[in-house]
Amino acid sequence: QVQLVESGGALVQAGGSLRLSCAGSGRTFSNYHMGWFRQAPGKEREFVATISWNGDNTYYIDSVKGRFTISRDNARNMVYLQMNSLKLEDTAVYYCNSARLEGSSWFGSGYWGQGTQVTVSS
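A. Quick look at the overall build of the protein. Looking only at helices and strands, one finds zero helices and twelve strands in the protein. Listing each helix as α and each strand as β along the protein from the N terminus yields β-β-β-β-β-β-β-β-β-β-β-β. Computed over C-alpha atoms, the radius of gyration of the protein comes to 13 Å, within 12% of the 14 Å expected from 2.2 N^0.38 for 122 residues, which places it in the range of a compact globule. Based on the C-alpha atoms only, the size of the protein along its principal axes is roughly 40 × 30 × 25 Å. The buried share of the protein, taken over its 122 residues, is 44%. For the protein, the proportion of contacts with a sequence separation of at least 24, taken over those separated by at least 6, is 55%. Entry remark: accessible area of the protein is about 6,400 Å², with carbon and sulfur atoms responsible for 47%.

In C-alpha cells, the structure reads:
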C-alpha cells in the first residue's frame with residue numbers, strides 16, 4: 001500500500017482540458033498497474049483507465065477513449081491523466097490507485113486518497 005495524492009482538478013468549461021496528477025510514495029510504486037477511477041455525485045466509483053507497470057500498455061473505458069490519456073513516470077512516482085474535450089458527464093471526483101484485473105473488470109485497492117474534483121460546466 002502506498003500513499004496517493006491527487007491534484008489538478010478544477011472547474012472547466014465543456015470542451016476544455018485538464019491534466020490530473022497522482023503522486024505516490026514508497027519504493028514499490030513501479031511494481032503496480034496504476035489506474036484512474038472517478039465517482040460522480042450519487043453514483044458508485046467507476047474505473048476509468050489503467051496503465052501497466054512500465055507504461056507500455058493502457059486501457060480505457062469506451063466513454064473516454066480518444067479524449068483521455070493515462071501516463072506514468074516511475075522515477076518520480078507519478079501518474080497522470082490528460083483529459084481533453086471534457087464533457088458534462090466527466091464531472092466527478094477523480095482518484096488514482098493501483099489497478100488489478102478481476103475477471104473482465106478493473107478494481108482499485110482498499111486504500112483511497114482524497115481525490116481531486118473535476119467539474120465541467122456548460
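Here the narrative resumes.
B. Focus on the sheet that holds strand S5 (residues 46–51). Ordered in space as S2-S12-S9-S4-S5-S6, the six strands form an open sheet in which the pairing is mixed. Each having just a single partner strand, strand S2 (11–13) and strand S6 (58–60) make up the two edges of the open sheet. Taken over all neighbouring pairs, the strand axes of this sheet differ in orientation by 25° on average, direction set aside. In this sheet, strand S12 (residues 116–121) lies alongside S2 in parallel orientation, the contact comprising three bridges. Following the sheet pairing, valine 12 is matched in S12 by valine 120.

What counts, and at which threshold
Residues numbered from 1 in each chain as written. Predicted model: local features only at pLDDT ≥ 70, side-chain atom pairs only at ≥ 80, totals over all residues. Heavy atoms only, no water. Helix = DSSP H or I, 4+ residues; strand = E, 2+ residues; numbered from the N terminus. Rg over C-alpha atoms; globule rule 2.2 N^0.38 Å. Buried < 20%, exposed > 50% of the residue type's maximum accessible area, 1.4 Å probe, protein only. Contact = heavy atoms within 4.5 Å. Areas by Shrake-Rupley, 256 points an atom, 1.4 Å probe, with all protein chains shown as cover. Pairing = 2+ DSSP bridges. Axes fitted to C-alpha atoms, helices over the stretch in contact; angles between N-to-C directions.

From the geometry alone we can't say anything about function, so treat these as descriptive.
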